[in-house]
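Residues per chain, in single letters:
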Amino acid sequence: MGVTDGWVEIGDRVFVRRYAFYDQNIGVVLGRGEALVIDTRSTYGQAREIVADLRSLTSDPVTVVVDTHGHFDHAFGNAIFRPATIWGQEGCVPFMRRTGEARKATIAAETPELAGQLDEVVIDPPDQTFTTDTTVEVGGREVGLRFLGRGHTDHDIVITVPGTDVVFAGDLLENGSVPFYGDAYPIDWAATAAALAPLVAPQGGVVVPGHGDHAGRAFADAQAASIAAVAALAARIHGGEIELDEALATHPFPEHPPGDARRPLQRALTQLRGEVGPA
Ligand SMILES: [Zn+2]
């Protein structure tokens, strides 16, 4: 599936659309007379593009939004979907309040073409939260939200749609690029990814990563193993068994640039030293 394919139905009235910017996946679940959207992209312009693209699927209103987590590319478009109810794990709200404004400035510096659009973004965190799991309803249909533990952030949501074999993994999994470790808890992430993978049915299961192609159980298992390998390598460095350069030689993301491979290990070491606090 590519960015030109439009909405792809991956389960009964469950869709994913892949946007070229950040190679990002946006999910939709259609109920009777209402729609649920998963993640809202980086700017109001990008969020409005989702709304416009939805018209090819349904004329029903979006009444529920789920932010898989509070990173800008997943939640800065929130305000465009109001008055919809916006769900997040309870850690999402303080994360966005704490980091939102600073993140606007960082991203504007890194991506100048977005600078003007980021200016107008009002940080609009979820108004509904949960701790470990909950069920939300959209047009008579249930959608399951779960928090499996810290990982990519301290508040990533995994979304299941009963009656389908679809699992939305947010950025706990990424396909085709190194998972982003900037706000991560790499040691916890190993267990969280190991708990996530079995939610994907071995036959016919579909898992949608935050970025890159959707895939099946084998992909989820493989990436969970890679994330566990990062944690294990970091533990060996931390224990004085091996040096960082030696660890990089057996790093689980060798196909990516060395700088990218180094970052997950460095973040894991930071966590092992007890220096990773709230982002
Ligand atoms: Zn993220």
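So, here is what we can say about the structure in this document. (Residues numbered from 1 in each chain as written. Predicted model: local features only at pLDDT ≥ 70, side-chain atom pairs only at ≥ 80, totals over all residues. Heavy atoms only, no water.)

### Concerning the nonpolar core
Leu 173, Tyr 181, Trp 189, Leu 196, Val 207, Ile 237 and Leu 265 are the most contacted members of the largest nonpolar core, which totals 31 residues. At the level of elements, strand 11 (166–174), helix 5 (186–196), helix 6 (217–238), helix 7 (244–249) and helix 8 (258–272) are the ones that each hand at least two residues to this core. A total of 8 residues in this core trace back to one element, the largest contributor, which is helix 6. Residues contacting Ile 237, with those up to four places away along its chain left out, are Ile 242, Glu 243, Leu 244, Ala 247, Leu 265 and Leu 269. Of all hydrophobic cores here, the second largest spans 22 residues; its members include Val 14, Val 64, Leu 145 and Val 166. (Core = buried A, V, L, I, M, F, W, Y, C linked by side-chain atoms within 4.5 Å. Buried < 20%, exposed > 50% of the residue type's maximum accessible area, 1.4 Å probe, protein only. Helix = DSSP H or I, 4+ residues; strand = E, 2+ residues; numbered from the N terminus. Contact = heavy atoms within 4.5 Å.)

### Thoughts on the coordination of the zinc ion
Ideal coordination angles are 109.5 degrees for a metal with four donors arranged tetrahedrally and 90 or 180 degrees for a metal with six donors arranged octahedrally. Surrounding the zinc ion are the protein donor atoms His 69 (NE2), His 71 (ND1), His 152 (NE2) and Asp 171 (OD), which sit 2.1 to 2.3 Å from the metal. Bound by 4 donor atoms, the zinc ion shows angles of 88 to 172° at the metal and therefore irregular coordination geometry. For the zinc ion, all donor residues lie on one chain, and their spacing in sequence is H-x1-H-x80-H-x18-D. Here the residue His 69 occupies a position in the loop between strand 5 (62–66) and helix 2 (72–75), and Asp 171 occupies one in strand 11, the gap between them amounting to 102 residues. (Donors = N, O, S within 2.8 Å, 3.2 Å for Na, K, Ca; no water. Tetrahedral: all angles 85-135°; square planar, octahedral: opposite > 155°, others 65-115°.)

### A look at the pairing of strand 5
Across the 5 residues of strand 5, 4 count as buried, placing the element largely inside the fold. In terms of strand pairing, strand 4 (residues 35–38) meets strand 5 through 4 bridges, oriented parallel. Counted as the bridge partner of Ile 38 is Val 66 from strand 5. Taking the sense of rotation as the criterion, the β-α-β connection linking strand 4, helix 1 (residues 44–54) and strand 5 turns out right-handed. Across 3 bridges, strand 5 lies against strand 6 (residues 85–89) in parallel orientation. Across the sheet, the residue bridging to Val 64 is Thr 85, located in strand 6. (Pairing = 2+ DSSP bridges. Right-handed = clockwise from strand over helix to strand, strands pointing away.)

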